[in-house]
Amino acid sequence: MRRLLGILLRITFVTPVLRFLNRRKITILMLHGVAADREDGGWQPLWPRLTPARLDLVLGQLAQHYQFISLDEAIDVIAGRKAPPKNGLVLTFDDGYRNNVTEALPVLQKHAAPAAFFIATGFVETQASYWIDRLDYALQQAPEEARLIEALGKTYDLRNLDRPALAEGYRRLRLGVKNSVPDDEQMLAEFDRISSELEKAAGTSIRDIIDVDRFVAVATWEQLASVAADGVEVGSHTVDHCRLTGIEHDEVAKQLAESKRVLEQQIDRPCRHFCYPNGDHDRAVAALVGEAGYTSAVTTDNGLNRVGDDLMTLRRYPMPSSTDAFSNLLAVSGFAELPVIRSLAGRL
């Protein structure tokens with residue numbers, strides 16, 4: 001059924017029709033790290049990164065049908081201050097990985113594609129790794145016998161798995177812990193415990209490589225100030241990359257204000273835009289973002305953005321990464337959000 005649906009979509013010109021119907025809406029895409037695979041056979045994250053070559057390919061496909069615009073321009077359009085371009089598209093990068101500067105930015109410049117980088121300021125200050133990368137590295141370095149993991153009453157047996165199975169086990173472990181605790185403090189404590197045990201068994205940790213690692217290193221203030229001066233929009237991703245719906249509103253306000261203050265001080269530019277860590281937001285949190293002085297905030301909710309939409313809950317799609325242009329164009333077209341497709345997808 002899925003294969004038949006795919007064939008029908010290709011022959012019915014669905015993507016050109018949707019682009020025409022949605023030509024005045026704004027598409028925002030979400031990326032994280034962008035790094036080339038290692039040629040020396042060294043470690044590769046289980047949480048995959050888009051390679052610069054694949055980014056180049058996909059941007060070339062999108063450029064034939066969309067206009068790359070800045071987030072500032074998109075906000076002016078959605079706020080009704082500027083006429084919509086035809087099929088405007090914005091690129092956003094979460095977390096502030098160093099490879100956004102060293103490997104993604106040259107590809108963006110090749111395609112004249114503006115971008116926004118969302119930065120968790122505490123990680124730039126400390127140059128520490130995100131927990132997701134620390135766990136990934138520790139899991140891969142640990143001996144097989146250490147990969148029988150107890151977490152919050154559940155057992156995850158990740159021993160003697162090939163790489164695809166280990167990647168799936170790693171995903172289940174992440175989601176199992178994240179979905180079992182109500183706030184970041186408990187979640188981070190559990191991931192710290194698991195990672196520490198794996199690191200002890202491995203005799204190494206991500207701290208041993210992070211300064212030079214192309215996958216997990218975080219951008220420096222010098223790099224961020226330089227790209228901001230060249231036109232990259234640098235926005236806030238909080239101080240600690242915390243899920244804002246799981247902490248008190250006073251702490252939310254501190255995270256919003258402090259990250260904005262530090263960013264403006266370090267890059268010498270206004271910090272106008274915000275990105276919700278993990279996409280977590282609600283009406284109260286969104287109101288606090290506006291009160292903190294941000295012009296916009298992006299979520300991880302899928303969909304397109306139209307004139308008059310709430311600037312504090314902008315929708316995004318994950319950056320498509322197929323080699324097939326039709327698949328990539330369909331993924332960002334708004335097709336999946338059509339009511340009939342949602343209904344059909346639930347039945348397949």
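The shown structure was predicted, so the numbers you read here are calculated from the model rather than taken from an experiment. (Residues numbered from 1 in each chain as written. Predicted model: local features only at pLDDT ≥ 70, side-chain atom pairs only at ≥ 80, totals over all residues. Heavy atoms only, no water.)

(A) Structural view of the overall build of the protein chain. Each helix and strand in the protein chain was counted, giving 14 helices and ten strands. Against the compact-globule benchmark of 20 Å for 348 residues, the protein chain has a radius of gyration of 21 Å, which places it among compact chains. When the backbone C-alpha atoms are referred to their principal axes, the protein chain occupies close to 55 × 55 × 40 Å. Split into buried and exposed, the 348 residues of the protein chain put 51% on the buried side. For the protein chain, the share of sequence-separated contacts (at least 6 apart) that also reach a separation of at least 24 residues comes to 70%. On the protein chain, roughly 16,000 Å² of surface is accessible, and the fraction owed to carbon and sulfur atoms is 51%. Of the side chains in the protein chain, 40 bear a positive and 47 a negative charge, and the two mean positions are spaced by 9 Å. (Helix = DSSP H or I, 4+ residues; strand = E, 2+ residues; numbered from the N terminus. Rg over C-alpha atoms; globule rule 2.2 N^0.38 Å. Buried < 20%, exposed > 50% of the residue type's maximum accessible area, 1.4 Å probe, protein only. Contact = heavy atoms within 4.5 Å. Areas by Shrake-Rupley, 256 points an atom, 1.4 Å probe, with all protein chains shown as cover. Lys, Arg positive; Asp, Glu negative; His and termini not counted. Charge placed at Lys NZ, Arg CZ, Asp CG, Glu CD.)

(B) Summary view of the pattern of salt bridges. Taken as a whole, this structure holds 19 salt bridges when the rule is applied. Close ionic contact of Glu190 with Arg193 constitutes a salt bridge, the shortest N to O distance being 2.7 Å. With Glu190 and Arg193 both in helix α9 (residues 184-202) and three residues apart, this pair spans about one turn of that helix. Glu190 gets classed as buried once you look at its relative accessible area, which sits at 11%. Glu197 is the salt-bridge partner of Arg193, the closest N and O atoms lying 3.1 Å from each other. (Salt bridge = Lys/Arg side-chain N within 4 Å of Asp/Glu carboxyl O.)

(C) Summary view of the packing of helix α7 (residues 131-141) against α9. Their axes nearest at 8 Å, the elements α7 and α9 cross at an angle of 30°. On the basis of their axis angle, the class for α7 and α9 is roughly parallel. In the packing of α7 onto α9, the handedness of the crossing is left-handed. From α7, Trp131, Arg134, Leu135, Ala138, Leu139 and Gln141 reach across to α9, where they touch Met187, Leu188, Phe191, Asp192, Ile194, Ser195, Ser196, Leu198, Glu199 and Ala202. Grouping the constituent residues of the contact of α7 with α9 by class yields ten nonpolar, three polar and three charged. (Axes fitted to C-alpha atoms, helices over the stretch in contact; angles between N-to-C directions. Parallel < 35°, antiparallel > 145°, perpendicular 65-115°, else oblique. Left-handed = near helix turned anticlockwise from the far one by under 90°. Nonpolar A, V, L, I, M, F, W, Y, C, P; charged D, E, K, R; others polar.)

(D) Fine view of the pairing of strand β7 (residues 233-236). Residues of β7 alternate between two faces, with Glu233 and Gly235 on one and Val234 and Ser236 on the opposite face, all of them buried. Direction of pairing for strand β4 (residues 115-119) relative to β7: parallel, over a ladder of four bridges. By the bridge assignment, Phe117 is partnered in β7 with Val234. (Pairing = 2+ DSSP bridges.)

(E) Fine view of unusual backbone geometry. Even without a glycine there, the phi angle at Ala112 is positive, about 50°. Backbone geometry at Asp268 places phi at a positive 60°, although glycine is not the residue there. Locating Asp268 in the fold gives a position in the loop between α11 (249-267) and β8 (273-275). When its relative accessible area of 61% is taken as the criterion, Asp268 is described as exposed.

(F) Structural detail: helix α3 (residues 52-63). With twelve residues, α3 should reach 16 Å at 1.5 Å per residue; the first-to-last C-alpha distance of 16 Å fits that figure. In this fold, the buried residues of α3 make contact with β1 (26-31), β2 (67-68), β3 (88-94), α5 (98-110) and α13 (325-331). (Expected span 1.5 Å × (residues − 1).)

(G) Region of interest: the side chain of Asn100. Relative to the helices and strands, Asn100 resides in helix α5. Among the polar contacts listed, one links the side chain of Asn100 to the side chain of Asn99, at a separation of 3.3 Å. Setting aside chain neighbours within four positions, we find Asn100 in contact with His32, Gly33, Val34, Phe93, Asp94, Leu105 and Phe117. (Polar contact = N/O pair within 3.5 Å; in protein donor to acceptor, adjacent residues only side chain to side chain.)

(H) Representation of the pairing of β1. With six of six residues buried, β1 is to be regarded as a mostly interior element. Burial along β1 is two-sided: the face carrying Ile26, Ile28 and Met30 and the face carrying Thr27, Leu29 and Leu31 are both buried. Bridge count for β1 against β3 is six bridges, and the pairing is parallel. The partner of Thr27 across the bridge, within β3, is Leu89. Two strands pair when backbone bridges link them, and β1 and strand β10 (residues 317-318) are joined in this way by two bridges, in the parallel orientation. When the sheet's bridge partners are listed, Leu29 is paired in β10 with Tyr317.

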